[in-house]
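Notes for the structure review
Spelled out from the first residue to the last, the chains are:
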Amino acid sequence: MRTRDRIIDAAEQAIREFGIAGATTKRIAQQAGCSEALLYKHFAGKEALFLAVLLERLPALGPALARLRLGTGQGDLAANLTEFALTALEFYRKAAGIAFGVLADPSLLSGFRTMLAERQAGPHLPIQALAEILRAEQRGGRLDEGADADAAAAMLMGACFHRANLSSFVDLPDEDEPWAAAIARTLVRK
């Protein structure tokens, strides 16, 4: 395994075990079997390392959006959106430890925001991509043309984010798949 991958794996493990505050560079380096200096050879700082964990180790929304885009006009739209919602839910659950930790640390948040701006990345982009897919489905007559695609995309992603957060605090009464199917059916109802 390459050193960079070992470091990312160690960072993910440290975040899971100790949270963002406890995922120190010293601890990450120890778990990766390298020096702290070597961490900084591969990553400009903790922000870059945590972003790598988010982008490279968590279930990615990009491939799920690509599948949804490729399926435009094909199959059952509610089923396609249900599958996407389940992936988004899994992503938000796994990203919560990093996201909450970053939000709680003003200096880490500032660095993270700067990095996202430099990369032209951020949590708003999957919502925009989903809205474009929904507009394509509207043009194909599979989604109510009077629906606001931006609002629908925000509602779907927001519902997944909210459910992921709720499940951090309580055991939810219903299973994920029927919940996601109900959300999707609500969006595609004409």
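See above for the structure.
These lines cover the structure that appears in this document, whether it is placed above or below.

Parameters and conventions
Residues numbered from 1 in each chain as written. Predicted model: local features only at pLDDT ≥ 70, side-chain atom pairs only at ≥ 80, totals over all residues. Heavy atoms only, no water. Patch = residues over 30% accessible without salt bridge, like charges linked within 9 Å, V, L, I, M, F, W, Y side chains within 5 Å. Areas by Shrake-Rupley, 256 points an atom, 1.4 Å probe, with all protein chains shown as cover. Salt bridge = Lys/Arg side-chain N within 4 Å of Asp/Glu carboxyl O. Helix = DSSP H or I, 4+ residues; strand = E, 2+ residues; numbered from the N terminus. Buried < 20%, exposed > 50% of the residue type's maximum accessible area, 1.4 Å probe, protein only. Phe/Tyr/Trp six-rings, centres within 6.5 Å; stacked < 30°, edge-to-face > 60°.

Notes on a nonpolar patch on the surface
A cluster of nonpolar side chains, Phe 100, Leu 103 and Phe 161, forms an exposed patch at the surface whose accessible area comes to about 290 Å². Structurally, Phe 161 can be placed in helix H9 (residues 149-169). In this structure Phe 161 comes out as partly exposed when scored by relative accessible area, which is 40%.

Things to note about the pattern of salt bridges
Under the definition given, this model contains 11 salt bridges. We note a salt bridge from Glu 83 to Arg 67, for which the minimum N-O separation is 3.4 Å. In this pair, Glu 83 sits in helix H6 (residues 77-104) while Arg 67 sits in helix H5 (residues 61-70), placing the two residues 16 residues apart along the sequence. Ionic pairing is found between Asp 174 and Arg 163, a salt bridge with its closest N-O pair at 3.3 Å. With a gap of 11 residues between them, Asp 174 in the loop between H9 and helix H10 (176-188) and Arg 163 in helix H9 connect regions that are remote in the sequence. Given the relative accessible area of 34%, Asp 174 is considered partly exposed. Accessibility expressed as a relative area gives 5% for Arg 163, which makes it buried. Several salt bridges converge on common partners, so that one network encompasses Arg 93, Arg 163, Asp 174 and Asp 176.

Quick look at the packing of aromatic side chains
Scanning the model with the defined rule gives 2 aromatic pairs in all. Ring geometry for Phe 91 versus Tyr 92: centroids 5.5 Å apart, planes at 65 degrees, classification edge-to-face. Comparing Phe 91 with Tyr 92 shows no difference in burial state: the two are buried. In this structure Tyr 92 comes out as buried when scored by relative accessible area, which is 13%. Taken together, the aromatic side chains of Phe 91, Tyr 92 and Phe 161 make up a single cluster linked through ring pairs.

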